[in-house]
Amino acid sequence: MKLLTFDLNSNFGDVINHDVADRWLSDLVDDDAREQLLLIGTMIERHAPEGRRQYILGAGAGYRAGRPSLVNRHVFAVRGPLTARVLGVDEATSTIDPGILLPEVHAADPAVTPTGRALFVPHWRTDVDCGARWRQACEAAGVDYCSPLEPPRTVLSRIRAATVVITEALHGAIVAEGCGIPWIPVVVGPNVLSFKWLDWCASIGIEWSPVTDLPTLRTGYASWSARLKVHAYRFGIGKDKYRYLRPDPDGDAAIDRAAATLAMLATRGEARHHVGVASLRDAARGRLFDAFERFRRHRRA
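Treat the numbers as computed from the prediction; the structure is a model and nothing was measured. Counting restarts for each chain: residues are numbered from 1 in the order of the written sequence. With the structure being a predicted model, the display of local features is reserved for residues of pLDDT at least 70 and the display and counting of side-chain atom pairs for 80 or more, all residues being used for whole-chain, interface and lining totals. In computing side-chain values, all of the structure's heavy atoms are included and hydrogens and water are not.

Engineer: If you had to explain unusual backbone geometry to someone new, which residues and values would you point to?
Structural biologist: Backbone geometry at N72 places phi at a positive 60 degrees, although glycine is not the residue there. Helix and strand labels come from DSSP, where a helix needs a run of H or I of at least four residues and a strand needs a run of E of at least two; each type is numbered from the N terminus. Mapped onto the elements of the fold, N72 is located in the loop between β3 (53-57) and β4 (73-77).

Spelled out as structure tokens, the structure:
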């Protein structure tokens, strides 16, 4: 059975699939793609690929409209209650994103030295498109910058050392939650998928309340298709994420605005801190491990 991952780049939120699978499921995973394991990420498409059987063990839905088919799929656990409802399965399958287990995978790593500083983790697309300018903003704000394309252990150690994680990357929030570090979600552009954030937050019993007034720090104009999407949203006919499209480039003054907001969140942003309800988070984590065990028994039967 092959572990299904998003391999476009080295985004740590996708790479951690291997860390978690190697720790708890290594004896069940191989390179036979006739069966696929969907563990971490928004991996549930509308249909299983033809000729493949999929086992869902923590993954989520959200990139495609409509109800995904359960043909050739066996659901043991999903990321959160919204995914369970979209799939039309028992909400008892709602657990938590398995990425929260990354701190346990590397629990034996050397202790980190606290930095006393906030950490900013952008979406991988923001990092690729505008990372240099966001680094400038972070430096001016006294906030550390962490590329989500760094190896998982590097991202984990930097999160562990931070006072608070300001994150556009979903797994920046998930790993921070697993480390017991407060986190503040932000939306820089249309790369953020609200469904998966809402799904994740529901799994730990809190509301998603992101900071949305940050500039993109993009230097070029948006495409004509992006501009059309902005107008579509304004007329009520576009996708929800189109609200975050900003068609015009941001000048150098935008770096100062971004730095001011980051500095405020780092030093006076306690009211924006997100921390899961411990009892709900721990119960969801317990259900996830129960699902791991059911899956293991199923494969051995």
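Engineer: Can you explain the layout of surface pockets? Please cite residues and give values.
Structural biologist: Its volume calculated, the largest pocket comes out at about 940 Å³. Residues are said to line a cavity or pocket when one of their atoms sits within 4 Å of a point; the points come from a 1 Å grid over protein atoms alone, cavities being sets where a 1.4 Å probe fits but cannot get out and pockets being open sets with protein on both sides within 12 Å along at least five of seven lines. In terms of lining residues, the largest pocket is bounded by 35 residues, among which Y63, H123, N191, L193 and K196 are the most central. The set of elements that each furnish at least two residues to the lining of the largest pocket consists of α1 (12-24), α4 (124-141), α6 (170-179) and α7 (194-203). The biggest single contributor to the lining of the largest pocket is α7, with four residues. Considered class by class, the residues forming the lining of the largest pocket number 15 nonpolar, ten polar and ten charged. Grid points are joined across faces, edges and corners, and a volume is the space filled by probe spheres set on the points. Charged residues are taken to be Asp, Glu, Lys and Arg, nonpolar residues to be Ala, Val, Leu, Ile, Met, Phe, Trp, Tyr, Cys and Pro, and polar residues to be all remaining types, Gly included.

Engineer: For helix α10 (residues 278-300), give the residues involved together with the corresponding values.
Structural biologist: Because each turn of an α-helix spans 3.6 residues, side chains separated by three or four positions in sequence point in the same direction. The length a helix should cover is 1.5 Å for every residue beyond the first. For α10, built from 23 residues, the straight-helix expectation of 33 Å at 1.5 Å per residue is met to within 8% by its first-to-last C-alpha distance of 33 Å. Every buried residue belonging to α10 is among R281, A284, L288, A291, F292, F295 and R296, and all of these are buried. Only heavy atoms matter for contacts: two residues are in contact if any of them lie within 4.5 Å across the pair. The inward-facing, buried residues of α10 contact α1, β2 (35-38), β3, β4, α6 and α7. To sort residues, take the accessible area from a 1.4 Å probe on protein chains only and compare it with the maximum for the residue type: under 20% means buried, over 50% means exposed, and anything in between is partly exposed.

Engineer: Tell me about the nonpolar core, and name the residues and values.
Structural biologist: One finds L39, L57, W183, W200 and F295 to be the most contacted residues of the largest nonpolar core, which totals 50 residues. Residues belong to a common nonpolar core when they are buried Ala, Val, Leu, Ile, Met, Phe, Trp, Tyr or Cys residues joined through side-chain atoms within 4.5 Å. Membership of the second largest hydrophobic core comes to 23 residues, among which are C130, V164, I166 and I255.

Engineer: I'd like a rundown of the packing of aromatic side chains, residues and numbers included.
Structural biologist: Aromatic pairing here means that ring centres of Phe, Tyr or Trp (its six-membered ring) are within 6.5 Å. Orientation follows from the plane angle: under 30 degrees is stacked, over 60 is edge-to-face, and everything else is tilted. With the rule as written, the count across this model stands at ten aromatic pairs. Pairing F120 with Y145 gives two aromatic rings, centres 6.1 Å apart and planes at 55 degrees, and the pair type is tilted. Of this pair, F120 sits in strand β5 (residues 119-121) while Y145 sits in strand β6 (residues 144-145); the two residues are 25 residues apart in sequence, bridging distant segments of the chain. In this scheme, Lys NZ or Arg CZ marks a charge over a ring once it lies within 6 Å of the ring centre and within 35 degrees of the ring normal. Lying over the aromatic face of Y55, R299 brings its terminal NZ or CZ to 5.1 Å of the ring centre.

Engineer: Describe the sheet that holds strand β7 (residues 165-167), with residues and values.
Structural biologist: At least two bridges found by DSSP between two strands are what make those strands a pair. The sheet built from four strands is open, its strands ordered β6-β5-β7-β8 with parallel pairing. Edge strands, defined here as strands with exactly one partner in the open sheet, are β6 and β8 (183-185). Relative to β8, β7 runs parallel, the two being bridged by three bridges. Bridge pairing in β8 places I166 opposite I184.

Engineer: Describe the pairing of β4, and please don't skip the residues or the numbers.
Structural biologist: In terms of burial, β4 is a largely internal element, four of the five residues being buried. The sheet contact formed by β3 and β4 spans four bridges and is parallel. In the strand pairing of β4, Q54 is matched with R73.

Engineer: Tell me what's going on with the sheet that holds β3, and back it up with residues and numbers.
Structural biologist: Spatially, the four strands line up as an open sheet ordered β1-β2-β3-β4, and their pairing is parallel. This sheet does not close on itself; its edge strands, each paired only once, are β1 (2-3) and β4.

Engineer: Describe in detail the pattern of salt bridges, supporting the description with residues and values.
Structural biologist: The term salt bridge refers to a side-chain nitrogen of Lys or Arg lying within 4 Å of a carboxyl oxygen of Asp or Glu. Per the counting criterion, the structure on display carries 14 salt bridges. We note a salt bridge from R281 to D282, for which the minimum N-O separation is 3.6 Å. Looking at R281, the relative accessible area reads 18%, which means it is buried. Residue classification places D282 among the partly exposed positions, given a relative accessible area of 44%. Put simply, D27, R296 and R300 are held in one network by salt bridges that share partners.

Engineer: Could you give an account of the environment of N9, with specific residues and numbers?
Structural biologist: Checked against the element boundaries, N9 lands in the loop between β1 and α1. In sequence terms N9 and W124 are 115 residues apart; their C-alpha atoms lie 8.9 Å from each other. When neighbours within four sequence positions are excluded, N9 is seen to be in contact with W124 and L149. Whenever two N or O atoms come within 3.5 Å, that pair is a polar contact, provided that in protein one can donate a hydrogen and the other can accept it, and provided that, for residues adjacent in sequence, both atoms are side-chain atoms. There is a polar contact of 2.9 Å between the side chain of N9 and the backbone nitrogen of N11.

Engineer: I'd like a rundown of the environment of T83, residues and numbers included.
Structural biologist: As for its position among the elements, T83 is in helix α2 (residues 81-87). Distance from T83 to A59, taken between C-alpha atoms, is 8.6 Å for residues 24 residues apart in sequence. With residues near it in sequence (within four places) discarded, T83 still touches I44, A59, G60, A61, V78, F195 and D199. Here the side chain of T83 touches A61 through a polar contact of 3.2 Å, landing on its backbone nitrogen.

Engineer: Explain the pairing of β2 to me, using residue names and the numbers behind them.
Structural biologist: For a regular strand, the rule is simple: side chains alternate between the two faces of the sheet. For β1 and β2, the ladder comprises two bridges, and the chain directions are parallel. By the bridge assignment for β2, K2 is matched with Q36. Here four bridges tie β2 to β3, and the two strands are oriented parallel to one another. Opposite L37, over in β3, you have Y55 as the bridge partner.

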